[in-house]
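Residue-level structural notes
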Amino acid sequence: MAGKKVIAICQSGGEFETDMDGTMSYIGGEAHAIDLDELSKFNDFKMEVAEMFNCSVNIISIKYFLPGNKKTLITISSDKDLKRMIKFHGDSVTADIYVMMEELVLPDVSNMPASRSSRTTLSEAVPPVDVLLAVVDDVVEGTAHPDISVSAPFDVVDDTNHGVVHIDDVHIEIPAELSPILPPVASNDDYKHAKGAQQWQNTITGVGQRFNSVHEFRESLRKYAIAHQFAFRYKKNDSHRVTVKCKAEGCPWRIHASRLSTTQLICIKKMNATHTCEGAIVTTGHQATRSWVASIIKEKLKVSPNYKPKDIVNDIKQEYGIQLNYFQAWRGKEIAKEQLQGSYTEAYNQLPFFCEKIMETNPGSLATFTTKEDSSFHRLFVSFHASLYGFLQGCRPLLFLDGIPLKSKYQGTLLAATAVDGNDGVFPVAFAVVDEETDNNWNWFLLQLKSALPTSCPLTFVADRQKGLRESISQIFKGSYHAYCLRYLTEQLIGDLKGQFSHEVKRLMIEDFYAAAYAPRPESFQRSIENIKNISHEAYDWILQSEPQNWANAFFEGARYNHMTSNFGELFYSWASDAHELPITQMVDLIRVKIMELIYTRRADSDQWLTRLTSSMEEKLDKETLKVRSLQVLLSADSTFEVRGDNMDVVNIDHWDCSCKGWQLTGLPCCHAIAVFYCIGRCPYDYCSRYFTTESYRETYSQSVHPIPSVDRPVWKDLSQATVIVTPPLRRPPGRPTTKRFGAQEIVKRQLHCGRCKGIGHNKSTCKEIL
């Protein structure tokens with residue numbers, strides 16, 4: 001039985017345009033729709049797409065964007081890719097699919113084996129960013145194995161049926177079908193080409209060699225063993241002496257080093273450098289600890305943050321001749337990330353100082369946090385003065401509320417309030433990191449936002465209609481308006497319909513629903529929902545009960561300037577997606593840097609403008625002006641005028657009102673009003689919303705976001721603040737939480753019955769009766 005279903009909106013024939021922030025939008029072309037579910041096959045889907053656009057199946061490439069990310073196109077090339085796409089859009093009814101026509105190019109394939117010298121080495125390669133999860137990642141992320149604490153080297157034992165990985169005292173069996181996690185042991189020929197290890201062949205020279213510390217000796221010994229392809233084990237290993245022997249049974253290789261008296265120096269006292277074992281051929285699990293792996297990959301990870309464990313395994317095998325397993329590589333990467341980025345745990349503990357520094361370096365900002373009773377992190381709210389000032393001085397009184405799940409180590413959710421500037425660009429106002437998206441957390445977020453925005457002007461919020469938001473907005477921002485997000489309403493409508501509707505029918509209902517929402521007058525709204533009624537009475541009743549006064553233009557009393565959805569801040573959310581793997585203070589600081597760059601760039605761009613309105617508003621006004629030629633204006637002695645074209649409309653220039661509602665809905669004069677202005681000698685610019693002027697736009701970006709100093713060494717002004725401890729939130733274990741059922745206490749446990757002697761209390765395998 002098929003599970004999740006998605007309507008794929010397949011688009012072709014257009015082209016992508018890239019904005020200054022790197023986000024892409026698809027312009028032009030034609031679109032068709034296909035129903036998909038988890039049982040859909042990629043080849044069938046591709047054939048249907050090719051037939052739909054009348055092209056060869058061999059020349060098309062199918063791509064899509066991840067939700068919240070309009071910068072990177074993901075390719076669908078297999079059944080697994082298709083299922084992932086459906087999974088990623090699990091919260092949406094529709095998914096945008098882009099069909100590209102490509103030239104068919106035959107690869108230049110040689111029958112000769114690849115040269116070893118042509119292999120990509122660890123120091124040279126920067127592997128492509130693989131946005132989709134690899135097979136190995138699927139396996140590991142579905143288990144709790146990566147959370148196992150590892151403090152000793154791994155031993156990998158190859159077997160014909162399954163692999164066994166020993167991690168300290170933990171024994172993990174890996175089924176045969178997952179054996180690709182452990183690649184085959186490298187041959188001697190591979191070791192000869194492990195150039196990365198050749199530099200370590202003389203790290204141990206013999207008796208009398210000195211080292212500054214026990215740690216330095218151990219690291220040198222490890223590199224020496226890797227270079228000479230043998231494994232060793234410690235006989236004695238403490239802070240002042242180390243005795244090591246070859247791991248191969250009967251091999252005489254030995255080394256002993258101890259501290260020189262009255263110093264911290266470690267000196268090699270004894271060494272037998274002779275090996276009688278076969279070295280790398282018969283040994284597995286070289287002394288490649290996770291800390292050693294971290295030291296090797298650190299620089300590479302700095303350049304390529306998406307460096308995957310499976311790529312680490314391949315690169316270290318090729319460069320150093322060492323066969324790691326997946327968990328060694330994963331642990332090594334985690335250590336290297338912590339060394340590069342800092343500790344996740346310490347970042348939470350730095351939050352009190354970090355919030356203080358934000359408000360100190362950016363006066364007028366608000367940064368605050370809360371913890372739970374056990375001192376674990378609960379919520380963090382940040383709004384910079386430059387954002388608050390820009391919103392109050394230059395932006396329309398319109399805020400978009402939305403949340404996006406974070407894929408960080410401790411998960412959580414980003415809540416955000418974004419505005420729209422005079423050029424219809426995203427303007428970030430405030431954001432919060434919370435442990436989960438709940439009504440209580442949304443209420444707290446809005447309380448902080450209220451305290452940061454000293455305004456009595458009624459605001460319009462475009463947000464989901466969930467109960468918590470609806471009540472919080474009306475209680476905290478009294479006199480404001482709540483416009484329901486049309487995207488969420490559409491998904492709820494389709495999700496609540498119980499009948500079996502084809503894709504075509506759903507598409508028609510969605511089109512009529514959007515037409516009803518955008519309809520400026522009640523009569524046109526009614527016509528649209530009557531079309532839905534002809535398809536489904538259930539959908540018609542659902543729409544009437546969904547409070548149209550909160551989403552339909554014909555009845556909405558607030559001013560939302562024709563913005564109908566709350567996902568207006570996708571740019572803002574992409575910033576958080578880029579920073580989700582960073583510790584919380586670094587993630588917030590990266591968002592701060594993005595806001596700082598955005599303000600600076602847009603301020604510099606607007607300095608070049610010579611128009612009275614912003615560029616996008618000038619373009620919209622020009623389009624309305626072109627429609628004036630076909631209109632006839634009947635002059636009047638007062639401020640009311642009759643304008644005739646395809647219809648008859650009434651314009652009141654004193655009230656900035658037209659019966660077509662275009663002027664009121666957008667804030668720009670409609671073509672009817674412009675026709676009146678030309679007849680009476682008025683300037684259309686004088687009747688445009690002040691928020692669309694270049695002057696207001698420059699005021700929006702007039703303030704700057706300032707840098708925040710390092711939070712490594714806090715100096716508390718008040719000693720009582722030093723007692724504030726913030727620990728990481730509890731991590732939810734993978735998988736669905738188990739449900740415990742507690743029955744009545746008097747229920748008697750079923751007793752065992754023996755099949756041999758017919759007795760009770762035991763079974764046949766434990767029966768002691770001799771037949």
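Residues numbered from 1 in each chain as written. Predicted model: local features only at pLDDT ≥ 70, side-chain atom pairs only at ≥ 80, totals over all residues. Heavy atoms only, no water.

1. Section: the overall build of the protein
Convention followed: Runs of E in the DSSP output that reach at least two residues are strands. Runs of H or I that reach at least four are helices, and both are numbered from the N terminus. The rule is simple: take the accessible area with a 1.4 Å probe, protein chains only, and divide by the maximum for that residue type; under 20% is buried, over 50% is exposed, in between is partly exposed. Any pair of residues with heavy atoms lying within 4.5 Å of one another is described as a contacting pair. What sets the accessible areas is the Shrake-Rupley method with a 1.4 Å probe; for residues, cover comes only from the shown protein chains.
Scanning the protein for helices and strands turns up 24 helices and 26 strands. When burial is assessed residue by residue, the protein has 47% of its 771 residues classed as buried. Nonlocal contacts in the protein, meaning residues at least 24 apart in sequence, comprise 63% of its contacts between residues at least 6 apart. A total of about 39,900 Å² of accessible surface is found on the protein, and carbon and sulfur atoms cover 50% of it.

2. Considerations on the sheet that holds strand E17 (residues 377-383)
Heads up, the condition is: What makes two strands pair is DSSP finding at least two bridges between them. A fitted line through C-alpha atoms represents every axis, and for helices the fit uses only the stretch in contact; the resulting angles, taken between N-to-C directions, go from 0 to 180 degrees.
Taken in spatial order, the seven strands make up an open sheet running E16-E17-E20-E19-E18-E21-E22, and their pairing is mixed. Single-partner strands in this sheet number two, and they are strand E16 (366-371) and strand E22 (481-484). For this sheet, the mean inter-axis angle between neighbouring strands, taken without regard to orientation, is 20 degrees. In this structure, E17 lies alongside strand E20 (residues 426-434), joined through four bridges in antiparallel fashion. Bridge pairing links Val382 to Phe431 in E20. Sitting on the sheet, helix H13 (residues 439-452) is in contact with E16, E17, strand E18 (398-405), strand E19 (413-420), E20 and strand E21 (460-463), with an inclination near 30 degrees to E17.

3. Notes on the sheet that holds strand E13 (residues 241-246)
Across the sheet, five strands lie side by side as E11-E15-E14-E13-E12; this open sheet has antiparallel pairing. The sheet is open, and its two borders are formed by strand E11 (210-211) and strand E12 (232-237), each paired with just one other strand. With two bridges joining them, E11 and strand E15 (residues 266-272) adopt antiparallel strand pairing. From the neighbouring strand, Arg210 faces E15, where its bridge partner is Cys267. Along the sheet, helix H6 (residues 214-227) makes contact with E11, E12, E13, strand E14 (254-259) and E15, crossing E12 at roughly 160 degrees.

4. Comments concerning the UniProt feature "domain: SWIM-type" (unreviewed entry) in the protein
Going by this rule: UniProt positions are given in the numbering used here, feature names are shortened, and annotations may be inferred rather than shown by experiment.
As annotated in UniProt, the feature "domain: SWIM-type" (unreviewed entry) corresponds to residues 649-681 in the numbering used here. The distance separating the terminal C-alpha atoms of residues 649-681 is 20 Å; by composition the span is 45% helix and 18% strand.

5. Considering the side chain of Asn550
Threshold: Distance and chemistry together define a polar contact, namely a pair of N or O atoms within 3.5 Å, with one atom able to donate a hydrogen and the other to accept it when in protein, and with adjacent residues in sequence counting only for side-chain atoms on both sides.
Looking at where Asn550 falls in the secondary structure, it is placed in the loop between helix H18 (537-544) and helix H19 (570-578). Of the polar contacts made by the side chain of Asn550, one reaches the backbone oxygen of His482; its length is 2.8 Å. With sequence-adjacent residues up to four places away left out, Asn550 is seen in contact with His482, Ala483, Tyr484, Phe556 and Arg560.

6. Overview of the nonpolar core
Here is the rule we go by: Nine residue types can take part in a nonpolar core, namely buried Ala, Val, Leu, Ile, Met, Phe, Trp, Tyr and Cys, and a core is a set of them joined through side-chain atoms within 4.5 Å. Residue ranges for the domains originate in an automatic or database domain assignment.
Ranked by internal contacts, the top residues of the largest apolar core, which has 103 residues, are Leu401, Phe445, Leu446 and Leu449. Residue contributions to this core reach at least three from each of two domains, namely domain 4 (344-485 + 565-610) and domain 6 (614-687). If we skip the residues at most four places from it in the chain, Leu449 touches Phe381, Leu399, Ala417, Val429, Ala430, Phe461 and Phe477. One finds Leu486, Leu497, Phe513 and Ala519 within the second-largest nonpolar core, a separate group that totals 26 residues.

7. Points about the packing of helix H15 (residues 486-496) against helix H16 (residues 503-518)
As a reminder, the rule being used: Each angle receives one of four descriptions, namely roughly parallel if under 35 degrees, roughly antiparallel if over 145, roughly perpendicular if within 65 to 115, and oblique otherwise. Crossings are sorted by hand: turned counterclockwise from the far helix by less than a right angle, the near helix makes the crossing left-handed, and turned clockwise it makes it right-handed.
Remark: H15 packs on H16, axes separated minimally by 11 Å, with the N-to-C direction vectors making an angle of 140 degrees. Relative to H16, the element H15 is oriented oblique. Considering the relative orientation of H15 and H16, their crossing is right-handed. Contacts from Leu486, Arg487, Leu489, Thr490, Leu493 and Ile494 of H15 reach H16 at Lys506, Ile510, Phe513, Tyr514, Ala517 and Tyr518.

8. Examining helix H14 (residues 467-476)
The condition is simple: To obtain the arc, one takes the directions from the helix axis to the C-beta atoms.
For H14, the full list of buried residues reads Gly468, Leu469, Ser472, Ile473 and Ile476. Across the axial projection of H14, the buried residues extend over an arc of 120 degrees, all falling on one side.

9. Section: the side chain of Ser639
With respect to the element layout, Ser639 can be found in the loop between strand E23 (632-634) and strand E24 (640-644). A distance of 3.5 Å separates polar atoms of two side chains, one belonging to Ser639 and the other to Asn652. A distance of 3.1 Å separates the side chain of Ser639 from the side chain of Asp654, its partner in a polar contact. Excluding residues that lie within four positions of it along the chain, Ser639 makes contacts with Val651, Asn652, Ile653 and Asp654.

10. Examining a negative patch on the surface
How we decide: Residues enter a patch when their relative accessible area is above 30% and they make no salt bridge; the linking distance is 9 Å between like charges and 5 Å between nonpolar side chains (Val, Leu, Ile, Met, Phe, Trp, Tyr). Salt bridges are counted wherever a side-chain nitrogen of Lys or Arg sits within 4 Å of a carboxyl oxygen of Asp or Glu. Charged-residue counts in this description rest on Lys and Arg as positive and Asp and Glu as negative, His and the chain ends being excluded. For charged residues, the charge sits on one atom: NZ in Lys, CZ in Arg, CG in Asp, CD in Glu.
Taken together, the side chains of Asp35, Asp44, Glu48, Glu51 and Asp79 present a region of like negative charge at the surface. Element by element, the count of residues in the negative patch is highest for helix H1 (residues 42-52), at three residues. By the secondary structure assignment, Glu48 is in helix H1. Residue Glu48 is classed as partly exposed on the basis of its relative accessible area, which comes to 38%.

11. Description of the pattern of salt bridges
Per the counting criterion, the structure on display carries 18 salt bridges. The partner of Lys357 in a salt bridge is Glu360, and the shortest N-O contact between them spans 3.1 Å. Taken together, the residues Lys357 and Glu360, both in helix H11 (residues 351-361) and three residues apart, mark about one turn of the helix. You can call Lys357 buried: its relative accessible area is 15%. The class for Glu360 is partly exposed, based on a relative accessible area of 39%. Measuring nitrogen to oxygen at the nearest pair gives 3.9 Å for the salt bridge that ties Lys623 to Glu619. Of this pair, Lys623 and Glu619 are both found in helix H21 (residues 615-626), four residues apart, which corresponds to roughly one turn of the helix. Among the ionic contacts, a cluster of salt bridges with common partners joins Arg396, Asp424 and Lys620.

12. As for unusual backbone geometry
Of note in this structure, Glu547 is not a glycine but carries a positive phi near 60 degrees. Tracing the sequence through the fold places Glu547 in the loop between H18 and H19. In this structure, Asn562 takes a positive phi of about 70 degrees despite not being glycine. With respect to the element layout, Asn562 can be found in the loop between H18 and H19. In this structure Asn562 comes out as partly exposed when scored by relative accessible area, which is 29%.

13. So, the environment of Asp622
In this structure, Asp622 sits in helix H21. For the pair Asp622 and Cys671, spaced 49 residues apart in the sequence, the C-alpha separation amounts to 9.7 Å.

14. Some remarks on the packing of aromatic side chains
What counts is decided by this rule: Two rings from Phe, Tyr or Trp (for Trp, the six-membered ring) form a pair when their centres are within 6.5 Å of each other. A pair whose planes differ by under 30 degrees is stacked, one over 60 is edge-to-face, and the rest are tilted.
According to the stated counting rule, one finds 27 aromatic pairs in the structure shown. Judged by centre distance (5.0 Å) and plane angle (65 degrees), the ring pair of Phe16 and Tyr98 falls under edge-to-face. Of this pair, Phe16 sits in strand E2 (residues 15-18) while Tyr98 sits in strand E7 (residues 94-101), placing them 82 residues apart in sequence. Assessed through its relative accessible area of 5%, Tyr98 is described here as buried. Ring centres 5.8 Å apart and planes at 85 degrees place the aromatic pair Trp663 and Phe677 in the edge-to-face group. Here the residue Trp663 occupies a position in helix H22 (residues 662-666), and Phe677 occupies one in helix H23 (residues 671-680), the gap between them amounting to 14 residues.

15. Considering H6
Operational definition: Multiplying 1.5 Å by the helix residue count minus one yields the expected span of that helix.
Taking 1.5 Å per residue as the helical rise, H6 with its 14 residues ought to reach 20 Å, and the 20 Å between its terminal C-alpha atoms agrees with that figure. Along H6, 10 of the 14 residues are buried, which leaves the element largely enclosed by surrounding structure. Looking at H6, one finds that the buried residues are Val214, Phe217, Glu219, Ser220, Leu221, Arg222, Tyr224, Ala225, Ile226 and Ala227. Positive phi appears at Gln229, one or two residues downstream of H6, with a value of about 55 degrees.

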